[in-house]
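Listed here are the chains, written in short residue letters.
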Amino acid sequence: MSAAEAKPFAVAINEIRNQLGCVAGNDAPYEVKLAWCLAYALHNDAWAMLEGGRVDLDASLARIEGIDQILGGDDGQRIAAQIRDALSGGSA
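The structure displayed is predicted, hence computed values, not measured ones. Numbering of residues begins from 1 in every chain and follows the order in which that chain's sequence is written. It should be noted that, the model being predicted, local features are given only for residues of pLDDT at least 70 and side-chain atom pairs only at 80 or more, the latter also being counted only at that level, while totals for whole chains, interfaces and linings use all residues. Side-chain figures throughout are based on the complete set of non-hydrogen atoms in the structure, without hydrogens or water.

Student: What's the story with the packing of helix α3 (residues 57–71) against helix α4 (residues 75–87) in this structure? I'm lost.
Tutor: For any two helices packed against each other, the geometry comes down to the angle between their axes and how far apart the axes lie. To obtain an axis, a line is fitted to C-alpha atoms, over the contacting stretch when the element is a helix, and the angle between two such axes runs from 0 to 180 degrees between their N-to-C directions. Strands are runs of DSSP state E lasting at least two residues, helices are runs of H or I lasting at least four, and both sets are numbered from the N terminus onward. Axis separation between α3 and α4 bottoms out at 6 Å; the angle between their running directions is 150°. In terms of orientation, α3 lies roughly antiparallel with respect to α4. Here α3 contributes L57, L61, I64, E65, I67 and D68 to the contact with α4, which in turn contributes D75, G76, Q77, I79, A80, I83, R84 and L87. Gly is put with the polar residues, along with every residue not named as nonpolar or charged; the nonpolar set is Ala, Val, Leu, Ile, Met, Phe, Trp, Tyr, Cys and Pro, and the charged set is Asp, Glu, Lys and Arg. By residue class, the composition of the contact of α3 with α4 is eight nonpolar, two polar and four charged. The labels follow the angle: roughly parallel below 35 degrees, roughly antiparallel above 145, roughly perpendicular from 65 to 115, and oblique for the rest. By definition in these notes, contact holds between two residues if any of their heavy atoms fall within 4.5 Å.

What follows is the structure, encoded as structure tokens:
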């Protein structure tokens, strides 16, 4: 994917992070917190892509997996596994 093709996704991730940041407090539903954490984990990568930079996929996946330490679930591991599967040619 070229930098130009990545721009809509990068902008969207940053917008999702910004919008969910307003409602992702302690009393927010788990799903809102998960979505905010996922967007937050990837927003710097999104900006790097927007500027034509490279992304360290292993570091990105580690941040996604780290969501489990924040929220106490296993969704970060699940999402990271889905991304790995998609990258290896499986179906996400």
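Student: I would appreciate a short explanation of the layout of surface pockets in the present structure.
Tutor: Rolled over the atoms, a probe with the dimensions of a water molecule shows which regions are left empty. In this analysis, the protein atoms alone were mapped onto a 1 Å grid. Cavities are point sets where a 1.4 Å probe fits without being able to get out; pockets are open sets with protein on both sides within 12 Å along at least five of seven lines; lining residues have an atom within 4 Å of a point. Grid points are joined across faces, edges and corners, and a volume is the space filled by probe spheres set on the points. Empty space within the largest pocket amounts to approximately 660 Å³. In terms of lining residues, the largest pocket is bounded by 24 residues, among which F9, I13, L42, D45 and M49 are the most central. Residues of the lining of the largest pocket, tallied by class, amount to 18 nonpolar, four polar and two charged.

Student: Would you mind going over the packing of aromatic side chains with me for this structure?
Tutor: Aromatic ring pairs are reported here in terms of the distance separating the ring centres and the angle at which the planes meet. Classification of ring pairs rests on two measures: the distance between centres of Phe, Tyr or Trp rings, Trp counted by its six-membered ring, which must be within 6.5 Å, and the angle between planes, read as stacked under 30 degrees, edge-to-face over 60 and tilted in between. Under the counting rule described, the total for this entry stands at one aromatic pair. An angle of 25° between the planes, with centres 5.0 Å apart, marks the rings of W36 and Y40 as stacked. Pair noted here: W36 and Y40 are both in helix α2 (residues 30–50), with a separation of four residues, about one helical turn.

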